[in-house]
Amino acid sequence: MQGFSKEDAGVETVAFEELVRDFDSCRGKGSIESGGIVKGKLSFEFTAVGNSGYIQFYDLLGRKTLFIMMEKESVAAWDMVRNERYDRDGIFSVLPFTQLITPLDFFQVLWGSIPQSYHEKQSDDLRFESTTASISFDSRRTENGPLLHKVVLESTEANYRVKIEIKEREMNASYPHLKKQIPESVPFASPV
């Protein structure tokens, strides 16, 4: 993806390597709002420890809906409503925006850093565009330096817009109840 927009110029964050070096873990809460073909809003809480990340999504009534587990380049998801498990390829069908942001990229967003893969593509700005998709980042000053608090992903081809907001983030802390595996008894979703 390439292309730039002046409105996002000057966005900066602490480097991912620096955050992981300085802090054992981080935890936080946020929301994800989607528009287009799939509309809705979910809240989530997350824990990131080293190269592992755990995200629990909740619906408007506070019910657990989706659990995502990331470890290095691997990712797995558990649709708790349907009681189905998804591997990396299956997640694309459930969360189409994951085609624009990889598990490793999303993990770095949880920590508060603009993903390294986007640093390689940037020049003066942090809005990346192709003819059919774009991603933009927004940061704010914190006691730990500038950290991401919003990511917006859009695709005209797939007809969606997703806004991910981190509402709170705490370094050197984790939610122990999130550090879990998807039960082996949960079956893989049938291919569509």
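Structure: see above.
Everything numeric here is computed off the predicted structure, so don't read it as measured data.

Criteria and thresholds
Residues numbered from 1 in each chain as written. Predicted model: local features only at pLDDT ≥ 70, side-chain atom pairs only at ≥ 80, totals over all residues. Heavy atoms only, no water. Core = buried A, V, L, I, M, F, W, Y, C linked by side-chain atoms within 4.5 Å. Buried < 20%, exposed > 50% of the residue type's maximum accessible area, 1.4 Å probe, protein only. Contact = heavy atoms within 4.5 Å. Helix = DSSP H or I, 4+ residues; strand = E, 2+ residues; numbered from the N terminus. Phe/Tyr/Trp six-rings, centres within 6.5 Å; stacked < 30°, edge-to-face > 60°. Lys NZ or Arg CZ within 6 Å of the ring centre and 35° of its normal.

Examining the nonpolar core
Part 1 of the argument: Among the nonpolar cores identified, the biggest contains 42 residues, and I55, I68, F97, W111, L153 and I164 are the most heavily contacted of them.
Part 2 of the argument: Aside from chain neighbours lying at most four places away, what touches F97 is I32, L153, Y160, V162 and I164.
Part 3 of the argument: Of all hydrophobic cores here, the second largest spans nine residues; its members include M69, A76, W78 and I182.

Description of helix 3 (residues 103–111)
Part 1 of the argument: With respect to burial, helix 3 is a largely interior element, eight of its nine residues being buried.
Part 2 of the argument: Residues of helix 3 that are buried: P103, D105, F106, F107, Q108, V109, L110 and W111.
Part 3 of the argument: Two residues or fewer after helix 3 comes G112, characterised by a positive phi angle close to 105°.

Structural notes on unusual backbone geometry
Phi is mostly negative for residues that are not glycine, and the peptide bonds are mostly trans.
Part 1 of the argument: With phi around 55°, N83 is a residue other than glycine that occupies positive phi space.
Part 2 of the argument: Inspection of the secondary structure assignment puts N83 in the loop between strand 5 (74–79) and strand 6 (84–86).
Part 3 of the argument: For N172, which is not glycine, the phi torsion reads 55° and is therefore positive.
Part 4 of the argument: Here N172 shows up in the segment after strand 10 (160–171).
Part 5 of the argument: Of the residues examined, N172 reaches a relative accessible area of 46% and is grouped as partly exposed.

Description of the packing of aromatic side chains
Part 1 of the argument: Counted according to the given criterion, the structure contains three aromatic pairs.
Part 2 of the argument: Measuring from ring centre to ring centre gives 5.9 Å for F16 and F107, while their planes differ by 75°; the resulting arrangement is edge-to-face. Of this pair, F16 sits in helix 1 (residues 16–22) while F107 sits in helix 3, and the two are 91 residues apart along the sequence.
Part 3 of the argument: For F16, a relative accessible area of 10% translates into the label buried.
Part 4 of the argument: Taking relative accessible area as the criterion, F107 reaches 3% and is therefore assigned buried.
Part 5 of the argument: An aromatic cluster is present here, built from F44, F46 and F57 joined pairwise through their rings.
Part 6 of the argument: Here R85 stacks its cationic end above the ring of F188, 5.0 Å away from the centre of that ring.
Part 7 of the argument: Against the face of F67 rests K180, its NZ or CZ located 4.9 Å from the ring centre.

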